[in-house]
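Fold and geometry: a report
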Amino acid sequence: MGVGEGGGEMAAAAISLDGVRDKNVMQLKKLNTALFPVRYNDKYYADALASGDFTKLAYFSDICVGSIACRLEKKEGGAICVYIMTLGVLAPYRGLGVGTKLLNHVLDLSHQQNIWDIYLHVQTNNDDAIAFYKKFGFEITDTIRNYYMNIRPPDCFVLSKVVAQPHAKK
């Protein structure tokens, strides 16, 4: 094995995911405080808990370093879509595949549950997040002016992805 080979595999092996429950929801609250410039209300945490497996904590060598929190929403016509409320990884652990593992978990779970639409909001100046989501096939589908109250810039992009649907049998 050459220099630098296998490092990604070792890092990936050190990453594990765990569900968010009443007993560990404080981990999610602490991560959000460290990661995001906004404070989340009780409804956010209730939605995260209600989403079941769509909300996960990520551990790197048993240290809680990231999370994804989703809300399941009903669209017109009754179809379910996934709204990614937050996805974040502590700065020292970025680039190790933690965010990728979290997002792939939600993409795979959506596919398994026949949920085809996934979307999220990203602050317009968050180039790293936009580039990250674009790698997974998300596209900017809208801009919302003055979405955020107390942070600059206050505008956000809506990023959306349609998960590949199975082909109908002819």
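I will try to describe carefully the structure that is included in this document. Per chain, residue numbering runs from 1 following the sequence as it is written. For a predicted model such as this one, the threshold for reporting local features is a pLDDT of at least 70, and the threshold for listing and counting side-chain atom pairs is 80 or more; totals across whole chains, interfaces and linings nevertheless cover every residue. Excluded from the side-chain calculations are hydrogens and water; all other atoms, namely the structure's heavy atoms, are used.

**Observations concerning the overall build of the protein chain**
The condition that has to hold: Put simply, DSSP marks the helices as runs of H or I at least four residues long and the strands as runs of E at least two long, and each gets a number from the N terminus on. Three labels apply to residues, based on accessible area from a 1.4 Å probe with only protein chains included: buried if under 20% of the type maximum, exposed if over 50%, partly exposed otherwise in between. Residues count as neighbours in contact if any of their non-hydrogen atoms are within 4.5 Å of one another.
The helix and strand tally for the protein chain stands at five helices and seven strands. Walking the protein chain from its N terminus toward its C terminus, one meets helices and strands in the order α-β-α-α-β-β-β-α-β-α-β-β. Taking all 170 residues of the protein chain together, 43% fall into the buried category. For the protein chain, restricting intrachain contacts to residue pairs at least 6 apart in sequence, the fraction spanning at least 24 positions comes to 61%.

**Some points on the environment of Ala58**
Within the element layout of this structure, Ala58 appears in strand E2 (residues 56-60). Taking relative accessible area as the criterion, Ala58 reaches 0% and is therefore assigned buried. C-alpha separation for the pair Ala58 and Gly88, spaced 30 residues apart in sequence, amounts to 9.6 Å. The contact partners of Ala58, leaving out residues within four places of it in the chain, are Ser16, Leu17, Ile63, Cys64, Val65, Gly66, Ser67, Val98 and Leu102.

**Some details on the packing of aromatic side chains**
Keep this limit in mind: Note on aromatic contacts: the rings of Phe and Tyr and the six-membered ring of Trp form a pair at centre separations within 6.5 Å, being stacked when their planes are under 30 degrees apart, edge-to-face when over 60 apart, and tilted otherwise.
Considering all chains together, one arrives at nine aromatic pairs under this definition. Centroid distance Tyr83 to Tyr119: 4.8 Å. Interplanar angle 35°. Geometry classified as tilted. Taken together, the residues span a long stretch of sequence, with Tyr83 in strand E4 (residues 80-89) and Tyr119 in strand E5 (residues 117-123) at a distance of 36 residues. Residue Tyr83 is classed as buried on the basis of its relative accessible area, which comes to 7%.

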